[in-house]
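# Residue-level structural notes
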Amino acid sequence: MSAEPYSRYDEDHLGITSSSLTNLRKDAELNDLPQAWLDAIAFFVLCQDSSGKSIRTVRNRRGAIAAMARATGTESPADVTRQAAVTYIAADRKRRKTADGAASHFKCLSSFWSWWSAEENLPNPIAGLPRPKTDGNSHPGPVRRAAGGRLRRHGRPLDAGAA
């Protein structure tokens, strides 16, 4: 996967802070990563953008992937073993102040590894790992009025006193 064909996309379009995908090394978050990781991240970012993900979502996912790449010390995603992935995720859970942060980080990594595994036709090193449990400190989502005036969150009715 080469980032070259995607250099026409600007930073606002893809959520990348460097001027083009071929200059990802200028991004402080990515400047110490090997080229194979940069290529994978660039193509993942393009795929996320083309599927309509928000810039914030793409940036969060890009940051999570970069952190794992750096922590595992591997030259490419193909070099990440299941043991290295599990070790990283366990260490990340301990490092986080909230379980919600660990769950969010895991979701970002899960998105990348599912995509990467399908793209490269190689095993997903985090397949089957349970998502870290949340502690409920994050915002539960918007409350909306459904037909009939009942309050709902994520399409589910709220309890009488939970609004």
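We now turn to the structure provided with this report. (Residues numbered from 1 in each chain as written. Predicted model: local features only at pLDDT ≥ 70, side-chain atom pairs only at ≥ 80, totals over all residues. Heavy atoms only, no water.)

## Looking at the overall build of the protein
In plain terms, the rule: Labels follow the DSSP assignment, with helices taken as runs of H or I lasting at least four residues and strands as runs of E lasting at least two, numbered in each case from the N terminus. Relative accessibility under 20% of the residue-type maximum defines a buried residue, over 50% an exposed one, and the middle range a partly exposed one, all with a 1.4 Å probe and only protein chains included. In this description, contact between two residues means that some pair of their heavy atoms is separated by no more than 4.5 Å. For the area figures, the Shrake-Rupley method with a 1.4 Å probe applies, and any residue is considered shielded solely by the protein chains shown.
Looking only at helices and strands, the protein features 5 helices and 3 strands. Taken from N to C terminus, the helices and strands of the protein fall in the order α-α-α-α-α-β-β-β. Residues classed as buried in the protein amount to 38% of the 163 residues present. Across the protein, the fraction of contacts at a sequence separation of at least 24, relative to all contacts at a separation of at least 6, is 56%. Summed over all atoms, the accessible surface of the protein reaches about 9,400 Å², with 48% contributed by carbon and sulfur.

## Brief notes about the packing of aromatic side chains
The following threshold applies: Only Phe, Tyr and Trp rings are paired, with Trp represented by its six-membered ring, and only when their centres lie within 6.5 Å; those with planes under 30 degrees apart are stacked, over 60 edge-to-face, the remainder tilted.
One pass over the structure, following the stated rule, counts 8 aromatic pairs. With 6.1 Å between their ring centres and 85° between their planes, Trp 37 and Trp 113 make a pair best called edge-to-face. Taken as a pair, Trp 37 in helix H2 (residues 35-50) and Trp 113 in helix H5 (residues 99-120) lie far apart in primary sequence, 76 residues in all. Of the residues examined, Trp 37 reaches a relative accessible area of 0% and is grouped as buried. For the ring pair Phe 43 and Trp 115, a centre distance of 5.7 Å and an interplane angle of 55° mean the geometry is tilted.

## What to know about the nonpolar core
Stated formally: Working definition of a nonpolar core: buried Ala, Val, Leu, Ile, Met, Phe, Trp, Tyr and Cys residues. They are joined through side-chain atoms within 4.5 Å.
Grouped together as the largest cluster of nonpolar side chains are 28 residues, with contacts concentrated most on Leu 33, Trp 37, Met 68, Leu 109, Phe 112, Trp 113 and Ile 126. Mapped by element, the contributors of at least two residues to this core are H2, helix H3 (55-72), helix H4 (82-95) and H5. Of all the elements, H2 adds the most residues to this core, at 8 residues. Here Trp 37 is in contact with Ile 65, Ala 69, Thr 72, Thr 74, Glu 75, Ser 76, Pro 77, Val 80, Phe 112 and Trp 113, once residues within four sequence places are set aside.

## Some words on H5
Rule in force here: Expected span, for any helix, means 1.5 Å times one less than how many residues it has.
Between its first and last C-alpha atoms H5 spans 31 Å; for 22 residues at 1.5 Å apiece the expected length is 32 Å, and the two agree. Where H5 ends, the next residue or the one after it, Asn 121, has phi of about 55°, a positive value.

## A look at the packing of H2 against H3
Counted only if it meets this: Each axis is a line fitted through C-alpha atoms, taken for helices only over the stretch in contact, and angles between the N-to-C directions span 0 to 180 degrees. Throughout this description, any angle smaller than 35 degrees is read as roughly parallel, any larger than 145 degrees as roughly antiparallel, any in the 65 to 115 degree range as roughly perpendicular, and the remainder as oblique. Definitions for this section: a left-handed crossing has its near helix turned counterclockwise from the far helix by less than a right angle. A right-handed crossing has that turn clockwise. Residue classes follow a fixed rule: Ala, Val, Leu, Ile, Met, Phe, Trp, Tyr, Cys and Pro count as nonpolar, while Asp, Glu, Lys and Arg count as charged, and any other residue, Gly among them, counts as polar.
The contact between H2 and H3 brings their axes to 10 Å, and the two run at 160°. As far as their axial angle goes, H3 and H2 are roughly antiparallel. The two elements H2 and H3 meet at a crossing, and its hand is right-handed. Mapping the contact onto sequence places Trp 37, Ile 41, Phe 44, Val 45, Gln 48 and Asp 49 in H2 and Val 58, Arg 61, Arg 62, Ile 65, Ala 66, Ala 69 and Thr 72 in H3. Split by residue class, the contact of H2 with H3 holds 8 nonpolar, 2 polar and 3 charged.

## Details of unusual backbone geometry
One non-glycine residue, Asn 121, lies in positive phi territory at about 55°. By the secondary structure assignment, Asn 121 is in the loop between H5 and strand S1 (143-145). A relative accessible area of 70% places Asn 121 in the exposed class.

## A closer look at the environment of Thr 57
For Thr 57, the position within the fold is in helix H3. Under the relative-accessibility criterion, Thr 57 is labelled partly exposed at 25%. Linking Thr 57 and Cys 108, residues 51 residues apart in sequence, is a C-alpha distance of 8.4 Å.

## Looking at the packing of H3 against H4
Packed helices, taken two at a time, are described by the angle their axes make and the gap between the axes. Put simply, H3 and H4 touch, their axes get as near as 10 Å, and they point 115° apart. With respect to their mutual orientation, H3 and H4 come out roughly perpendicular. Here the hand of the crossing between H3 and H4 comes out right-handed. In this structure, H3 uses Ala 64, Ala 67, Met 68, Ala 71 and Thr 72 to contact H4, whose residues at the interface are Ala 84, Ala 85 and Tyr 88. Its residues assigned to classes, the contact of H3 with H4 shows 7 nonpolar, 1 polar and no charged.

Fair warning: the whole summary comes from geometry, so function is off the table for now.
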